[in-house]
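Geometric and topological summary
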Amino acid sequence: MVAQLEMCYILMCACVLNINGITGIRIEYQRYDGWYNNPSNGNWGTRGSHFVNKVPTAYQDNTYQPSGVDRPSPRSISNAVFSGSSGQTSQTKTALLAFFSQMVNYEIADSTEATCPMELLKSNIPRCDKFFDPNCEGDKMMPYQRAAYDKNTGRSPNNPRKQINKATSWIDGSFIYGVSEVWANCLRSFKGGKLFSLDTKGRYPALNKVGLPLHNFPTAKELNLKNPEKMWMFGDSHTHENPALMSLGILLFRWHNHLADKLRMTQDNWSDDKLYHMARHWVIATLQNIIMYEYLPTLLGVSMEPYPGYERLTHPGISPVFEAAASKYYLTLLPSVIHRRNTSCQSASESWRLCNSYWKAQDLYSEPEPHIGDNGAINTDHNYSNISQNDDDSTDSIIDQVLMGLASQKAEREDSFIVTDVRSHFYGPLHFSRDDLVVQTLMRGRDYGLPDYNTARKAYRLPTLTDWKTINPGASPAMTQAMENAKWVYNYSFDKMDVFTGGLLETTEQGPGPLFRAIILEQFRRIRNGDRFWFENKENGLFTDEEIKQVRKTTLKDIIVMCTNIPNNTLQDSVFTWTQGDPCVQTSQLSEDELEPCSPHQGYDYFEGSGLSFVLSFVALGVFPFFCIIVAYIIYKFKKYRLKVTKRTLYMNKLKAMVRGSAGNLSAYEWTDYKELPRSIELRFEPNACMVTVLSGNNGAILRVVNLSKHLAVDLFLTNNKGRNTLLLPVPKEYDLVVQFETESERQNFIIKFREYVNIHYKNLQCYDRSLGGVLKLAITKRKRQELLESFFKSVFSEAFQMDYLLNEEDDHELNHSKEILDCELSKTEFADALALKPNSLFVEQMFSAIDKDKNGYISFRELLYTVVLFSKGTIEDKLLMFFRMYDLDESGSLNRLEVATLLKSLLEMANTKLSQNEIDKLVTTMFNDAGLSGLKSLRFNDFSQLFGNDINKIWDAGLDWKGTRIRLPRASPPVNNNNNNNISNGKRLSKSERDHFDGIRDTYNPIKAKVKIIAHYIENNRQPIFYLILFFGICVGLFAERFYFYAVEREDKGLRMMMGYGVAISRGSAMSLSFCYSLILLTMCRNTITKVRETFLNLYVPFDMNVAFHKVVAWTGVFFTVTHIVGHAFNFYHITTQPVAFLCIFDELYFRSDVLPKFSYWLLGNLTGFTGVLLTLVLFIIYIFATQTARKYIFSAFWSSHKLFVVMYILTLLHGAGRLLQSPWFPFYFMGPAILFTIDKLVSISRKKTEISVVKSELLPSDVTYLEFKRPPQFEYKSGQWVRIACIAQGRNEYHPFTLTSAPQEDTLSVHVRSLGPWTWNLRNIFDPENLRDKPYPKIYLDGPYGAGQQDWYRYDVSVLVGGGIGVTPYASILKDFVHMKAINSTYKIKCKKLYFIWVTASQKHYEWLTDILRQVEQVDTKGIVSIHIYITQFFQKFDLRTAMLYICEEHFTKVSNKSLFTGLRAKTHFGRPQFGKIFKSVQETSRVCKVGVFSCGPPGLTKGVEKACIECSKTTKALFEHHFENF
């Protein structure tokens, strides 16, 4: 029969071409995805189409929530209803029918793909469940992943959730060919129309080298996943599930190749494509015939009605009740074991237990070759190259044995019982290796929203039931008990019973009960009648009547016999049934107890193997900044060393050290404090007195002198541990000396010499041993001494002025501290430090001698108290008398002219001002003449008072300014002097009551109100920057909040928060703010653009001068959000690493092979987003660490080089978002505009800064200032006050530093004054040193600029105040030159400024003598006094210092003599001490009467802060607004 059928197929194949040619019918190839099967409704029955409801849905919320929330736990139902004895065989049905049913299910329906993101439903496991809760914990759950659905559904009751069928609804061979053309092409060999095979005979599929996404679950005994590339390729991804299903897949694979060979034999001129598609047509036709006319009648026990023809209005879609209930009827037929036999009806020695064969079928079909895997474990790999050798005609192959065994093996009996291999040992994922398919089926029905059992019956026009006995009236006793159990578990309610439970309880020996039979028949009827490509449809032109008859004759047995080595007589005609008399009767059906046990349930920790890398990775990221700091410190030390070489002092230091060493000095280190490093010192024993001089080990400068001459005994404390190389020399009334030597022997050598030295001076040396910790704790360090001195001064002043500084007399510590204060005495050095003067200053010598009444070389508490009271509350006569006695060197009671000259000389010496002896004598003569004392050669005290009488008001309340104590003294009111009628204002003396009206009235102090006032005034004077800061931070917070809310709430349906918690919301929110910050920061560096724009009206509304400060704010805000982003990802990475691979479907751009379990290392380094994120973090750390204030100050070149990594940062940021893990990148949208503008701005700078410019003049000025004058490039236009960036080619072409132009816009050359502070500026000074240049030309430079600065707007105000401190006067040099030029050509009409105040604050006028030349030019041109110049020499502290008052007197007398300043040589007024900006600004407003004053300051932060504070205060208390523009250096 089979041979005749095969011959018929050959003849039919031969006639196909001729028939098609005669009829002219063009054969249409059926699509793999099912589209356009129905021309009018092209999406019917397609892959990805909806399931078609045939029963009303019963979602809990009528939309998407699963039905049956009031139904029992599925596992309880499974245990109660579906648990029974196994080994009970069906009367006629074979195991082949059961597994063929599974194949049919996969052919027309596939809902195994879970929805993405995952929606987990948890089913309670009964306490003490035998398989899933053996320890009776009672908290076990069985997970269920909800099926994939159309995202456009499930939004309202009118649009409930609709699940998706991933297979086509047609019987179109998708189990063989797949459901897409890509998949099908991967299976093709493209030779002879055949499918790609592993062996030469085409009997086994090829290995999956192309990586098709086949399902891959762990095997029963090995909790690992197979390599998908070593799995056979099939059209359906489930084919590897069990050996029986795989045997059917291999059989149909062979059937296609068999037909392709037959077609090629008769039609040798056909192409591969035509052969393939014609063979596919015949395969589909035979499969349709077998399923519809052989399989279904056997399964249901009823025959299908004849084919009525194609019905285009019949929808073929799979119904949820069929897919989730009726189609799973075959579960009751599945056996626990798969038997194999040969042609002689002999069973194989070993049967395959179903539960232990899941996903192991391919291994069972070949002999294993164990080998050692990459991870060191023994894996089972298989050599499939010998398959063709074993699979020949004389030998029964394993697949033949399986098919023969399935055809002879009886299925389980038709009832409600399901074997434990399916019910309790079904396969599951790694984290839940054993599952219950019954539970999964019940949960799937509830997931689909299936109603209760009676509602389903009613939908299929079956009567509803009310009596549990009527479910299956003829049921066996076991089934009757199952119905009783169902009644109990469902609480006697049909309204709560699941469709699957009720349908399976209807099962009889003939097959499914009424409900399942009706559902199955209705479903397959629609599939057949609605299929335009059905083989019986003559309208499609696929087959002739003869061919249709031939297809109708084909059975599954025929295919088995033609595609295997199984003889025809060894199989029954209907392989789906076995009846008496059929070949190879089954001996017996084994029960579960007779089989090998199933592998137990196991779990899996996905985070295993990631813990260490997770911790180490973030620890490494945390340590990297410290590594950068260490590198920065190393660079700093190297730069410091290079700086020493540059300054050429290293060799001199060594030379001096050698000289001092030859003089007997001892080298060592001095330990000063715990917080400081030891410093190199040398110790020298003075020969004339018992004194030890401590010198610097670097330059030999004297650090201190330890005077031991007044001590009878000298103590030494020696350390007896940790190297024994440290000693302590206590110094009474001073801080102690702690010396560390290199070795113990060096310390011993010092002790020997020191003992000899003190013995020479008749002193006793006592040595004591202490531990190192004890010695350091005992030592009174300079810091401790300073703290004691602070308390000492506070106590003195509290006594003198009744200040609120009281000690707690009840506290023993305070009392002891009080005793220390009273016993404390000041040395001359400490006294000089308190006055910030040199100890050898003549003024210090005389003042110290005058205060030290007992002449013991120290000032006691009482002596200092007396002096403070004298200067604070004493009369004018008292103060003058003390000053008189200080300079009465011979104590004669009079001062001769020489001693008066000495007095003036000492004051001028402190001011670093030198006058010739003739000038001093002339000054003394002038003072004597003005006082009417020209005839006297010496002055008594009364004469001395008369000498300063006219200037007595200047020392009215003069005191001493104790700079070193950081204490400001209150001033006393001037006493009444009846003999003095002079007054500052009107020449009349004010009475006591009148003076009280001039005293300031102080409001009651309230700390809260004071703080509020400070804040209010600060806001008032900084409203523009504050507004933009609020706007900036508001945008950042808004962007963060919007993304946070979006991912935490609005995108809840994507499953991101469910999987990763709020970490994803934090990381995405911070990423959005980061994108804004790192894009905006480019705008702050568009220097050329800012320079141009600030000259427009926009400068009135935008504080462009704050661009650098704003740059830092944006940068640090970016740091904050960067850290937030990293923290968010730390949580994300942890959560992702602990999830199954299936849950990672939320990442649209990622695909993982079925055997890949991405660990933490993958998420961190294995993908573009993670890898670039790590690099970004490292680059940002480098940029920020080297951009700190300390780094910029000490290693500017490293800062400059590291900042160029911003290009790398932006490239990595773009790549970081290109991974598109969660969303399309937003950064390019923020970045594009600023990047284009920045690029254009940078191109402008590059176009000019690479032109070499010649230096025409250089000069080394005092105070380490280097003057450079260079050629002005063509068309280089700038304004006074602007700045440029300069690179010295000799130091590198790319290292630019900013400097303010000191030249005026009208000059032909440009000039800058460079203060040497860091390595680059010191190298510049060294390069332009004439001694190094000799006859060589000046090195060339690169120039970039000019750039705008706040100082350039000085001319926009009616009144402008320019304040320069130190080298900060450089921008005002250009402004003053510009002003002089405009004044000289009478073009001041071009500027708005009518009055210009220039305030120069300097330590000494000699520091910037180059500026005095410019000021002198201004004075010569400014005949109308438009420019008011004030010079403040800060070396003399505040106005009320006694020395300052005396210098005022000298200055005024010298001015009278020469009409110029004693110190500057200018007509400008010279002040001693720091300017009181508050009073200055008030005076400016009162004089000018303008509403707005422009204040411009440049200098150290302390200066600009003082100016800022005065501007705020004066804006509040005067009628003018003081607008402050400042720059720091």
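The following refers to the structure shown. Here the residue numbers are simple positions, counted from 1 along each chain's written sequence. For this predicted model, a pLDDT threshold of at least 70 governs which residues receive local features, and a threshold of 80 or more governs which side-chain atom pairs are given and counted, while totals over whole chains, interfaces and linings are taken from all residues. Hydrogens and water molecules were not included; the side-chain quantities draw on all heavy atoms of the structure.

1. Looking at the overall build of the chain
Test applied: By definition, any uninterrupted DSSP run of H or I lasting at least four residues is a helix, any uninterrupted run of E lasting at least two residues is a strand, and each is numbered from the N terminus. Using a 1.4 Å probe on the protein chains alone, a residue whose accessible area is under 20% of its type maximum counts as buried, one over 50% counts as exposed, and one in between counts as partly exposed. Contact between two residues is taken to exist if any of their heavy atoms lie within 4.5 Å; hydrogens are not considered. Per-residue and other accessible areas follow the Shrake-Rupley method at a 1.4 Å probe size, with only the shown protein chains counted as cover for residues.
In terms of helices and strands, the chain carries 52 helices and 34 strands. A total of 1529 residues make up the chain; the buried ones form 54% of that total. A fraction of 74% describes how many contacts in the chain between residues 6 or more apart in sequence connect residues 24 or more apart. Of the roughly 69,100 Å² that the chain leaves accessible, carbon and sulfur atoms contribute 55%.

2. Points about the environment of Y295
By the element assignment, Y295 lies in helix α7 (residues 272-300). A sequence separation of 198 residues divides Y295 from L97, and the C-alpha atoms of the two residues are 7.4 Å apart. Residue contacts for Y295: discarding those within four places in its chain leaves L97, F100, S101, V104, I290 and F576.

3. Examining the sheet that holds strand β26 (residues 1297-1300)
Quick reminder of the rule: Paired strands, as defined in this entry, are two strands with at least two bridges between them according to DSSP. In this analysis, axes come from line fits to C-alpha atoms, helices being fitted only over the stretch in contact, and the angle between any two N-to-C directions falls in the range 0 to 180 degrees.
One open sheet holds the three strands; their spatial order is β26-β25-β28, and the pairing between them is antiparallel. Taken across any chain shown, the strands that pair with only one partner, and hence form the sheet edges, are β26 and β28 (1341-1347). Mean inter-strand twist for the sheet, computed between neighbouring axes without regard to direction, equals 30°. Taken together, the five bridges between strand β25 (residues 1283-1288) and β28 define a ladder with antiparallel strand orientation. From the neighbouring strand, R1285 faces β28, where its bridge partner is D1344.

4. As for the state of the cysteines
Applied cut-off: Note on terminology: disulfide denotes any pair of cysteine sulfur atoms within 2.5 Å.
Tallied over the full model, the rule gives three disulfides. Covalent S-S linkage joins C128 and C136, the inter-sulfur distance amounting to 2.0 Å. Given an S-S torsion of about 130°, the disulfide between C128 and C136 has right-handed geometry. Residue C128 is classed as partly exposed on the basis of its relative accessible area of 40%. Here C355 engages in a disulfide with C598; their sulfurs sit 1.9 Å apart.

5. Overview of empty space enclosed by the protein
Condition: Grid points spaced at 1 Å and placed over the protein atoms alone form the basis of the search, with a cavity being a set where a 1.4 Å probe fits but cannot get out and a pocket an open set showing protein on both sides within 12 Å along at least five of seven lines. Lining residues have an atom within 4 Å of a point. Grid points are joined across faces, edges and corners, and a volume is the space filled by probe spheres set on the points.
This structure, assessed with the given rule, holds 13 cavities of 30 Å³ or more. Looking at the largest cavity, its volume works out to about 790 Å³. In terms of lining residues, the largest cavity is bounded by 40 residues, among which R1068, H1125, H1129, T1169 and H1216 are the most central. Elements with a contribution of two residues or more to the lining of the largest cavity: α20 (611-646), α37 (1063-1083), α39 (1107-1137), α40 (1160-1166), α41 (1168-1185) and α44 (1206-1218).

6. Examining a nonpolar patch on the surface
Stated precisely, the cut-off is as follows: Exposure above 30% relative accessible area and the lack of any salt bridge qualify a residue for a patch; like charges then connect within 9 Å, and the nonpolar side chains Val, Leu, Ile, Met, Phe, Trp and Tyr within 5 Å. Salt bridges are identified by distance alone: a Lys or Arg side-chain nitrogen within 4 Å of an Asp or Glu carboxyl oxygen.
Together, I630, Y633, I634 and L677 make up a nonpolar patch on the protein surface, roughly 450 Å² of accessible area in all. Structurally, the position occupied by Y633 is in helix α20.

7. Brief notes about unusual backbone geometry
Phi angles above zero are rare outside glycine, and W359 is one such case at about 55°. The topology assignment puts W359 in the loop between β7 (352-353) and α9 (361-364). Since its relative accessible area comes to 3%, W359 is described here as buried.

8. Re the pairing of strand β24 (residues 1265-1271)
For β24, the buried fraction is high: six of the seven residues fall into the buried class. Where β24 lies against strand β27 (residues 1309-1315), seven bridges are found, and the strand directions are antiparallel. Note on β27: the bridge partner recorded for F1270 is L1310.

9. Description of the packing of α37 against α39
So the rule is basically this: Working definition: roughly parallel below 35 degrees, roughly antiparallel above 145 degrees, roughly perpendicular at 65 to 115 degrees, and oblique for all remaining angles. Put simply, a crossing is left-handed when the front helix is turned counterclockwise from the back one by less than a right angle, and right-handed when it is turned clockwise. Classes in brief: Ala, Val, Leu, Ile, Met, Phe, Trp, Tyr, Cys and Pro nonpolar; Asp, Glu, Lys and Arg charged; the others, Gly included, polar.
Where α37 meets α39, the axes come as close as 8 Å, and the angle between the chain directions of the two elements is 155°. Relative to α39, the element α37 lies roughly antiparallel. In this structure, α37 meets α39 at a crossing whose hand is left-handed. Tallied by class, the residues present in the contact of α37 with α39 amount to 14 nonpolar, 13 polar and one charged.

10. Notes on the sheet that holds strand β23 (residues 1255-1261)
Taken in spatial order, the three strands line up as β23-β24-β27 in an open sheet, and their pairing is antiparallel. Across the chains shown, the open sheet's two edge strands, defined by having one partner strand only, are β23 and β27. Here the average twist between neighbouring strands, direction ignored, is 15°. As paired elements, β23 and β24 share six bridges and run antiparallel to each other. Following the sheet pairing, L1260 is matched in β24 by T1266.

11. Observations regarding α41
Test applied: Here, expected helix span is obtained from the residue count minus one, scaled by 1.5 Å. Any pair of N or O atoms that falls within 3.5 Å is considered a polar contact. Within protein, one atom must be able to donate a hydrogen and the other to accept it, and sequence-neighbouring residues count only if both atoms are side-chain atoms.
With 18 residues, α41 should cover 26 Å at 1.5 Å per step; its first-to-last C-alpha distance of 26 Å lies within 8% of that length. Among the residues making up α41, those that are buried are T1169, G1170, T1172, G1173, V1174, L1176, T1177, V1179, L1180, I1183, Y1184 and I1185. For α41, the N-terminal cap is N1167; the gap from its side-chain oxygen to the backbone nitrogen of T1169 is 3.1 Å.

12. Focus: the packing of helix α3 (residues 95-108) against α7
Look at α3 against α7: their axes get within 11 Å of each other, and the N-to-C directions meet at 130°. Viewed along their axes, α3 and α7 adopt a mutual orientation that is oblique. Where α3 crosses over α7, the handedness of that crossing is left-handed. Contact residues: L97, F100, S101, M103, V104 and E107 in α3; L287, I290, I291, Y295, T298 and L299 in α7. Partitioned by chemical class, the residues of the contact of α3 with α7 number nine nonpolar, two polar and one charged.

13. Here we look at the packing of aromatic side chains
Each aromatic ring pair is specified by the distance between its two centres and by the angle formed by the two planes. What counts here: Each pair of aromatic rings taken from Phe, Tyr and Trp, with Trp reduced to its six-membered ring, is defined by centres within 6.5 Å and is described as stacked if the planes are under 30 degrees apart, edge-to-face if over 60, and tilted in the remaining cases. Note on criteria: charge over ring means Lys NZ or Arg CZ within 6 Å of the ring centre, with the direction from the centre no more than 35 degrees off the ring normal.
Counted under the stated rule, the structure contains 56 aromatic pairs. Each ring, one from F1040 and one from F1121, has its centre 6.2 Å from the other, and the planes form 40°; the classification is tilted. Here F1040 is found in helix α35 (residues 1023-1050), whereas its partner F1121 is found in helix α39, with 81 residues between them in sequence. Sitting over the ring of Y276, R188 keeps its end group 4.1 Å from the ring centre. Lying over the aromatic face of F1046, R1043 brings its terminal NZ or CZ to 4.4 Å of the ring centre.

14. Describing helix α17 (residues 514-529)
The end-to-end C-alpha distance of α17 is 22 Å, a good match for the 22 Å that 16 residues give at a rise of 1.5 Å each. For α17, the buried fraction is high: twelve of the 16 residues fall into the buried class. Buried residues in α17 make contact with α3, α7, α8 (320-324), α14 (453-459) and α16 (499-505).

15. Thoughts on the nonpolar core
Side chains of nonpolar character tend, in soluble globular proteins, to be buried together. Note the threshold: Residues belong to a common nonpolar core when they are buried Ala, Val, Leu, Ile, Met, Phe, Trp, Tyr or Cys residues joined through side-chain atoms within 4.5 Å.
With 159 residues, the main nonpolar core has F100, F500, F516 and F524 as its most contacted residues. By residue number, the principal contributor to this core is α7, which donates 16 residues. Setting aside chain neighbours within four positions, we find F524 in contact with V104, I108, I171, I291, M292, L296 and F322. Ranked by size, the runner-up nonpolar core spans 34 residues in total, among them C824, A832, Y887 and F941.

16. Considering the pairing of strand β13 (residues 666-670)
Here β13 shows a buried face lined by L666, A668 and E670 and an unburied face lined by S667 and Y669. With five bridges joining them, β13 and strand β14 (residues 679-685) adopt antiparallel strand pairing. Opposite E670, over in β14, you have R679 as the bridge partner. Pairing of β13 with strand β19 (residues 737-740) involves two bridges; the strand directions are antiparallel. From the neighbouring strand, E670 faces β19, where its bridge partner is V739.

17. Brief notes about the side chain of S336
By secondary structure assignment, the location of S336 is in the loop between α8 and β6 (337-338). You can call S336 buried: its relative accessible area is 3%. In terms of polar contacts, S336 uses its side chain to reach the side chain of D421, at 3.1 Å. Excluding residues within four positions of it along the chain, S336 makes contact with S86, W352, R353, L354, V419, D421, E592 and L595.

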